[in-house]
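# Structural description and commentary
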Amino acid sequence: MDPADSAYFPSHECGVFAVYGHPNAAELTYYGLYALQHRGQESAGIVSAPGNSLPFEVHRGMGLVSQVFPEAEIKRLTGTRAIGHVRYSTTGSSNIKNAQPITVTCSKGQLAIAHNGNLVNAGILREELEAQGSIFQTTTDSEIIVHLMAKLGPAGGGPAAREQSIIETLGRIQGAFSLVVMGESEIIGARDAFGFRPLCIGKLDGAYVLSSETCALDLIHAEFVRDVEPGEIVVIDEQGLRSLKPYVPKPRQALCVFEFVYFARPDSTLSGHGVSQARIRMGQALARLHPVEADLVVPIPDSGNYAALGYAEESGIPYGQAFVRNHYIGRTFLQPSQLTRSFGVRVKLNLIKAAVKGKRVIVVDDSIVRGTTARARVVNLREAGAKEVHIRISCPPHRHPCHYGIDFPDPADLIANQMDAEAIKKYLGADSLGYLDTASMVRACGLPEDRFCLACFNGDYPVEVKDEADKLRLERHATTGAGPLLDEADVWQEHLI
Ligand code: 5GP
Ligand code: MG
């Protein structure tokens, strides 16, 4: 496999979940994944441990959690420990082989792993491991973690060897990872030193739960205990939960601010701050920063809902739902033919024409990536007879790609990388366009700036990109310049919530 191939390591944002010490571990994991479905709709999987030294039970499949797990499959996954994963990827490798959790049997015993985030030195590590004889089953960076775990640390299949091997493994991998690992007798959770991706701890009837987001704890009535800290490893076994912090803490943290802006579910809490409230505050700040006289504030559902509420509240302009969302769109629209190009954006939302006719409308969305969504909405509004269309975006312009797990395309596909605000406004056909600024966005989240990764906005990457694959990709784009902005636009599939 050519490491220069951009599909070498499909970038992905995902959801992970784990249960230790509950008779219905797999069923709880199923519900946990259900609540994390917005983090990935491509594939889902659960691995359970029916008993110490019995073979793990595995079920993985392509599609939504509800499609992948018929009731019989959940019943087949027995035992008091389980881990699960939902995967999101748009880089082509829509492949059952890349579905997680990944399972292996090695000198450390059986291991299962579910990973959220992107490693930035995956190519280098994979080449090194392959040179030493490792044989890879998938094209995901996550598999590197299991291969390292198999190799590193003292020989033997006991818990102490596994603990040591995960410590050494985390010392080798760089980039973003929130992961859950199941060994022969324990569950381990770990978060990279910068804390790019969320991971939290919950408790339910004496059982421990790990989850990407707190909304999944709510669903199963688990009590939120705390976040796994950046750089922390938690080992959950017969003795309870132990926290290991084997490495020197980083001077800064780098929670992905886009989790607050778009990715996390509004009913989740990140680092102690409610996501929906943060989005409302972003909308309020946006109204202060970019006021305009208008008759109506309209969200682009669902991603713009809370920011639009905040904007309306702060400006005193009435809030109205004018776009109606079809909630039953699956991933099937991801392969549009020429004929159905731009069909994706229309099938998702329909406009109530009477609500906007003759009105000056402020349209609020969370972000503009390629510009496809906003442009299509302006066309809808004009066709419906809106007098003016003002676009307000609750984060700054996206100018830089993400290397840590959010699927932002290459710079050539990011409209703000190619055009200035005035040109974007023209391209979108809007009367005005206003983005939130970085300082207000950060303030709305309630944490200091040095707690966040803001790389997609300001190009300041907390972890250097080590991979030749990524470097080559960046270099290629630097020399070829702008790509066709609307190419692949239709494959942007809105999340299902
Ligand atoms: P655009 O149409 O400008 O390319 O994308 C903007 C829209 O995509 C916004 O409505 C935003 O909510 C959504 N969006 C932003 N980031 C992501 C992402 O990582 N994945 C998906 N599926 N949608 C996104
Ligand atoms: Mg959206």
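Before reading further, recall that the structure is shown in the block above.
Small disclaimer: the values here were computed from a predicted structure and weren't measured. (Residues numbered from 1 in each chain as written. Chains lettered and ligands numbered in written order. Predicted model: local features only at pLDDT ≥ 70, side-chain atom pairs only at ≥ 80, totals over all residues. Heavy atoms only, no water.)

### What about the sheet that holds strand 4 (residues 81-88)?
For sheets, the rule is that strands pair by backbone hydrogen bonds, running either parallel or antiparallel. What counts here: Two strands make a pair as long as DSSP finds a minimum of two bridges between them. Per the convention used, a helix needs a DSSP run of H or I reaching at least four residues, while a strand needs a run of E reaching at least two, with both numbered from the N terminus. To define axes, lines are fitted to C-alpha atoms, for helices over the stretch in contact only, and angles between the resulting N-to-C directions are given on a 0 to 180 degree scale.
In spatial order, the strands read 3-2-4-1-10-9-11; together these 7 strands make up an open sheet with antiparallel pairing. The strands lining the two open edges of the sheet, one partner per strand, are strand 3 (57-62) and strand 11 (223-227). Averaged over all pairs of adjacent strands, the angle between strand axes in this sheet comes to 15°, irrespective of strand direction. As defined by bridge partners, strand 1 (residues 13-20) adjoins strand 10 (residues 207-211) across 4 bridges and the pair is classed as antiparallel. From the neighbouring strand, Ala 18 faces strand 10, where its bridge partner is Leu 210.

### Focus: unusual backbone geometry
Note the following rule: Under the scheme applied here, a residue whose accessible area is under 20% of the maximum for its type counts as buried, over 50% as exposed, and between as partly exposed, the area being computed with a 1.4 Å probe on protein chains only.
In this structure, the amide linkage connecting Gln 100 to the following residue, Pro 101, adopts the cis form with an omega of 0°. Mapped onto the elements of the fold, Pro 101 is located in the loop between strand 4 and strand 5 (102-106). One non-glycine residue, His 221, adopts positive backbone phi at about 60°. Tracing the sequence through the fold places His 221 in the loop between helix 7 (215-219) and strand 11. Judged by its relative accessible area of 70%, His 221 falls in the exposed class. Of note, the phi angle at Ser 271 is positive, near 45°, even though the residue is not glycine. Among the secondary structure elements, Ser 271 is positioned in the loop between strand 15 (269-270) and strand 16 (273-274).

### Some remarks on the pairing of strand 20 (residues 360-365)
Stated precisely, the cut-off is as follows: Handedness of a crossover: with both strands directed away from the viewer, a clockwise path from the first strand across the helix to the second marks it as right-handed.
When you tally the buried positions in strand 20, you get 5 out of 6 residues, the bulk of the element. Bridge analysis of strand 17 (residues 296-299) against strand 20 gives 4 bridges, and the strand direction is parallel. Each bridged residue has a counterpart across the sheet, and for Pro 299 the counterpart in strand 20 is Val 364. Pairing geometry for strand 20 and strand 21 (residues 388-393), over 6 bridges, is parallel. What sits directly across from Arg 360, in strand 21, is Glu 388. Regarding topology, helix 13 (residues 372-383) serves as the crossover connection from strand 20 to the parallel strand 21, and that connection is right-handed.

### Brief notes about helix 16 (residues 438-445)
Definition in use: Contacts are assigned to residue pairs with any non-hydrogen atoms lying within 4.5 Å of each other.
Burial in helix 16 covers these residues: Ser 440, Met 441, Val 442, Ala 444 and Cys 445. Close packing links the buried residues of helix 16 with helix 8 (257-263), strand 16, helix 9 (275-289), strand 23 (452-453) and helix 17 (455-458). The first or second residue beyond helix 16 is Gly 446, which carries a positive phi of 85°.

### A look at the packing of helix 4 (residues 122-131) against helix 5 (residues 142-151)
Convention followed: Working rule for angles: under 35 degrees goes down as roughly parallel, over 145 as roughly antiparallel, 65 to 115 as roughly perpendicular, anything else as oblique. By convention, the crossing between two helices is left-handed when the near helix turns anticlockwise from the far helix through less than a right angle, and right-handed when the turn is clockwise. Put simply, Ala, Val, Leu, Ile, Met, Phe, Trp, Tyr, Cys and Pro go in the nonpolar bin, Asp, Glu, Lys and Arg in the charged bin, and everything else, Gly too, in the polar bin.
Here helix 4 crosses helix 5 at 45°, and the two axes come no closer than 10 Å. Judged by the inter-axis angle, helix 4 sits oblique to helix 5. Seen along the crossing, helix 4 lies across helix 5 with a hand that is left-handed. Contacts from Ala 122, Leu 125, Arg 126 and Leu 129 of helix 4 reach helix 5 at Ile 144, His 147, Leu 148 and Lys 151. Of the residues that constitute the contact of helix 4 with helix 5, the class distribution is 5 nonpolar, 1 polar and 2 charged.

### Let's talk about the sheet that holds strand 6 (residues 109-116)
Pairing within the open sheet is antiparallel, and its 6 strands lie in the order 5-6-7-8-12-13. Sheet topology places strand 5 and strand 13 (240-244) at the edges, where each strand pairs with a single neighbour. When the angles between neighbouring strand axes are averaged without regard to direction, this sheet yields 20°. Summarising the sheet, strand 8 (residues 187-191) and strand 12 (residues 233-237) pair through 4 bridges and their orientation is antiparallel. Paired with Gly 189 across the strands is Val 234, a residue of strand 12. The strands touched by helix 6 (residues 159-172) within the sheet are strand 6, strand 7 (178-182), strand 8, strand 12 and strand 13, with strand 12 carrying the most contacts at an inclination of about 160°.

### Some remarks on the state of the cysteines
Any covalent bond linking the sulfur atoms of two cysteines counts as a disulfide. Put simply, the rule reads: Cysteine sulfur pairs qualify as disulfides if the two atoms are within 2.5 Å.
Within this structure, the stated rule accounts for 0 disulfides. Free cysteine Cys 453: the closest other cysteine sulfur is in Cys 256, separated by 6.4 Å. With a relative accessible area of 9%, Cys 453 lands in the buried category. Not part of a disulfide, Cys 456 finds its nearest cysteine sulfur in Cys 256, a span of 6.4 Å. Residue classification places Cys 456 among the buried positions, given a relative accessible area of 9%.

### As for the environment of His 147
By the element assignment, His 147 lies in helix 5. Look at His 147 and you get buried, because its relative accessible area is 15%. The sequence separation of His 147 and Leu 125 amounts to 22 residues, and the corresponding C-alpha distance is 9.9 Å. Among all residues touching His 147, those that are not within four sequence positions of it are Leu 129, Ser 134, Ile 135 and Phe 136.

### A look at the environment of Glu 259
One can find Glu 259 in helix 8. By relative accessible area, Glu 259 is classed as buried at 0%. Sequence separation between Glu 259 and Leu 270 is 11 residues, and the spatial gap between their C-alpha atoms is 8.4 Å.

### Focus on the packing of helix 9 against helix 10 (residues 305-315)
Interhelical geometry of helix 9 versus helix 10 gives an angle of 45° and a closest axis separation of 6 Å. For the element pair helix 9 / helix 10, the angle class is oblique. Judged by the sense of rotation from one axis to the other, the crossing of helix 9 with helix 10 is right-handed. For the pair formed by helix 9 and helix 10, the contact residues are Ser 276, Arg 279, Ile 280, Gly 283, Gln 284, Leu 286, Ala 287 and Arg 288 on the first element and Tyr 306, Ala 307, Gly 310, Tyr 311, Glu 313, Glu 314 and Ser 315 on the second.

### Considering the pattern of salt bridges
Just so we agree on the cut-off: Put simply, a salt bridge is a Lys or Arg side-chain nitrogen that is within 4 Å of an Asp or Glu carboxyl oxygen.
The tally for this structure, following the rule as stated, stands at 21 salt bridges. Between Arg 382 and Asp 431 there is a salt bridge, with the nearest N and O atoms lying 3.1 Å from each other. With Arg 382 in helix 13 and Asp 431 in the loop between helix 15 (421-428) and strand 22 (432-435), the pair connects residues that are 49 residues apart, well separated along the chain. Linking Glu 422 and Lys 425 is a salt bridge whose minimum nitrogen-to-oxygen distance equals 3.5 Å. Residue Glu 422 and its partner Lys 425 are located together in helix 15, separated by 3 residues, close to a single helical turn. Beyond isolated ion pairs, a larger network of salt bridges with shared partners links Arg 39, Arg 197, Glu 213 and Glu 259.

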